[in-house]
Amino acid sequence: MLPPAQVLASVSEPPPHAQAPMAGAVAAGRRTARVSMQEHMAIDVSPGPIRPIHLISDYFPHFYPFAETTLCTRNPCITATTMAIHSASQRKPDPEPEGDSDDSTALGTLEFTLLFDADNSALHCTAHRAKGLKAPASGSVDTYVKANLLPGASKASQLRTRTIRGTRGPVWEETLTYHGFTLQDAVRKTLRLCVCEDPRLRRRRAPPLGELRVPLRKLVPNRARSFDICLEKRRLTKRPKSLDTARGMSLYEEEVETEVAGEERGRILLSLCYSSRQGGLLVGVLRCAHLAPMDANGYSDPFVRLFLHPNEGKKSKYKTSVRKKTLNPEFNEEFFYAGPREELAQKTLLVSVWDYDLGTANDFIGGVQLSSCASGERLRHWRECLGHSNCRLEMWHQLDSTPLQLSD
């Protein structure tokens, strides 16, 4: 009679002649599961079952949905625009549709949200974060995001975020706003975003670490949309031969569109209100956007002139203060023209934007005419203002490149 321990050992150990066939079966199973070299190069080495990957960008995850942030909906300071951008950032961002390659994914990715606010004629671009940025040759990792609208003068639509220092995964969470952005702009313009290195004390700026372009015709008005796109190498755009060296700081997407872009002089936001208490017309010059650069430095020193025609007094001409070195000035100045509604309806309000030059003649940038003889949005703005008392109406107007000549 064997002891219990020896009985268990004899049961658990298979006989020697049975081990060889079992090992041969395992070896045969392994031979049937061999992987080819092509499949081996496409295997994701992350823990789990072996599966092929289809895109190289799978090695660079998008990390969505975004982290939850606490927002108090009872706070009156939180606007509808902020809530729309936040809700869009909680949804799954749109990955890059095409162009996935080693060169693009090696530069990193950029997460951002776009919102076309059609009610206020504004485009909001919120830069969230970047991931996997390639370290520049200088070794610096101080980065910011620069935005441009194409086609058009680069400095007229150039906006940038603050600089985040010392990281290859910067988080900005900053919103850049383009005022005076209309539905026509959304149809034919493209937003260019660049992740740039802060030059610090260097005089010469380094090329961008990467850039991307988004056709704005994809946007739905009043609906925020989030993106997570791989950065690409900088694409140089062609400069039209008609531009001189002083004003050649423009970025164009196609040469075909340079003629249309060259005609753009900018936009102006005006407010009109007929005050029954004061017995006259209140004209507010609020701001301008995307003005044409008139100085050699790529900027202008704009101011606005107002003229009510026909001239029947000294109080028919006004002008705002000068805003130095800007293409998107903000004035917020108001002027008053006395007179009954019937008289004002027969007159013409001429608004012109000028570039101030010290010691020389001022340069004309663009103008707009509001009267009962105008057409389109200009006529509607003028009629609705005089038709409703004590009601302030704000509207954007495109500037004309040809000055309007009026005789006294």
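Conventions used here
Residues numbered from 1 in each chain as written. Predicted model: local features only at pLDDT ≥ 70, side-chain atom pairs only at ≥ 80, totals over all residues. Heavy atoms only, no water. Helix = DSSP H or I, 4+ residues; strand = E, 2+ residues; numbered from the N terminus. Buried < 20%, exposed > 50% of the residue type's maximum accessible area, 1.4 Å probe, protein only. Areas by Shrake-Rupley, 256 points an atom, 1.4 Å probe, with all protein chains shown as cover. Salt bridge = Lys/Arg side-chain N within 4 Å of Asp/Glu carboxyl O. Pairing = 2+ DSSP bridges. Core = buried A, V, L, I, M, F, W, Y, C linked by side-chain atoms within 4.5 Å. Contact = heavy atoms within 4.5 Å. Expected span 1.5 Å × (residues − 1). Arc of directions from axis to C-beta. Polar contact = N/O pair within 3.5 Å; in protein donor to acceptor, adjacent residues only side chain to side chain.

K.L.:
I'd love a proper account of the overall build of the chain, names of residues and values included.
P.N.:
The helix and strand tally for the chain stands at 9 helices and 19 strands. Residue burial in the chain is summarised as follows: out of 408 residues, 44% are buried. Working note: accessible area of the chain is about 23400 Å², and carbon and sulfur atoms make up 54% of it.

K.L.:
Give a description of the pattern of salt bridges that names residues and reports values.
P.N.:
Pairing between side chains of opposite charge can happen when their charged atoms approach one another. For the coordinates displayed, the defined rule picks out 15 salt bridges. Close ionic contact of Glu333 with Arg323 constitutes a salt bridge, the shortest N to O distance being 3.8 Å. Here the residue Glu333 occupies a position in strand β16 (residues 330-338), and Arg323 occupies one in the loop between β15 (317-319) and β16, the gap between them amounting to 10 residues. Between Arg380 and Glu377 there is a salt bridge; the shortest N-O distance is 2.6 Å. Of the two residues, Arg380 and Glu377 are both situated in helix α9 (residues 376-387); the distance of 3 residues between them amounts to about one turn of the helix. Connected through salt bridges with shared partners, the residues Glu111, Arg129, Lys131 and Glu173 form a single ionic network.

K.L.:
Before we move on, can you summarise the pairing of strand β12 (residues 267-275) with the specific residues and values?
P.N.:
Counting buried positions over the 9 residues of β12 gives 9, a clear majority of the element. By the bridge criterion, 9 bridges tie β12 to strand β13 (residues 280-289) in an arrangement that is antiparallel. Each bridged residue has a counterpart across the sheet, and for Leu270 the counterpart in β13 is Val285. If you look at the hairpin formed by β12 and β13, you'll find 4 residues sitting between the two strands, and Gly279 has a positive phi there, around 70°. Looking at chain direction, β12 and strand β19 (residues 393-398) are connected through 6 bridges and run antiparallel. Along β19, the bridge assignment pairs Leu269 with Trp396.

K.L.:
Now, about the nonpolar core: what can you tell me, with residues and values included?
P.N.:
Membership of the largest hydrophobic core comes to 31 residues, with the highest contact counts inside it found for Ile268, Val285, Val304, Leu306, Leu349, Val351 and Val353. Breaking this core down by element, the ones donating at least two residues are β12, β13, β14 (302-309), β16, β17 (348-355), β18 (363-370) and α9. What Leu306 contacts, discounting residues up to four positions off in sequence, is Val283, Val285, Ser316, Lys317, Tyr318, Phe335, Tyr337, Leu350 and Val351.

K.L.:
Explain α9 to me, using residue names and the numbers behind them.
P.N.:
Spanning 12 residues, α9 covers 17 Å between terminal C-alpha atoms, matching the ideal 16 Å at 1.5 Å per step. Buried residues of α9: Arg378, Leu379, His381, Trp382, Cys385 and Leu386, and no others. The arc that holds the buried residues of α9, viewed along the axis, is 160°, so those residues lie on one side. Turned more than 90 degrees away from the buried face of α9 sit Gly376, Arg383 and Gly387, all of them exposed. Residues of α9 that are buried sit in contact with β12, β13, α8 (341-345), β17, β18 and β19.

K.L.:
Help me get a handle on the side chain of Ser300, residues and values and all.
P.N.:
Here Ser300 is to be found in the loop between β13 and β14. Taking relative accessible area as the criterion, Ser300 reaches 0% and is therefore assigned buried. Reaching out from Ser300, the side chain makes a polar contact with the backbone nitrogen of Met294 at a distance of 2.9 Å. Excluding residues within four positions of it along the chain, Ser300 makes contact with Ala292, Pro293, Met294, Asp295, Arg323, Lys324, Lys325, Thr326, Leu327, Asp355 and Ile365.

K.L.:
Provide a residue-level description of the pairing of strand β4 (residues 143-150), including the pertinent values.
P.N.:
Among the 8 residues in β4, 8 count as buried, and that is most of the element. Taking every second residue as pointing to the same face, both faces of β4 are buried, with Thr143, Val145, Ala147 and Leu149 on one and Tyr144, Lys146, Asn148 and Leu150 on the other. As defined by bridge partners, β4 adjoins strand β8 (residues 190-197) across 8 bridges and the pair is classed as antiparallel. By the bridge assignment for β8, Lys146 is matched with Cys194. Sheet topology note: the β4/strand β6 (residues 159-160) ladder contains 2 bridges and is antiparallel. In the strand pairing of β6, Ala147 is matched with Leu159.

K.L.:
Describe the environment of Lys155, with residues and values.
P.N.:
You can see Lys155 is positioned in the loop between β5 (152-153) and β6. It is 9.2 Å that separates the C-alpha atoms of Lys155 and Ala292, two residues lying 137 residues apart in sequence.

K.L.:
Before we move on, can you summarise unusual backbone geometry with the specific residues and values?
P.N.:
In this model, Leu150 is joined to Pro151 through a cis peptide bond whose omega is -5°. Along the chain, Pro151 falls in the loop between β4 and β5. The step from His309 to Pro310 runs through a cis peptide bond, and the omega angle for that step is 0°. By secondary structure assignment, the location of Pro310 is in the loop between β14 and β15. Even without a glycine there, the phi angle at Ser121 is positive, about 50°. When you line up the elements, Ser121 lands in the loop between β2 (109-117) and β3 (122-131).

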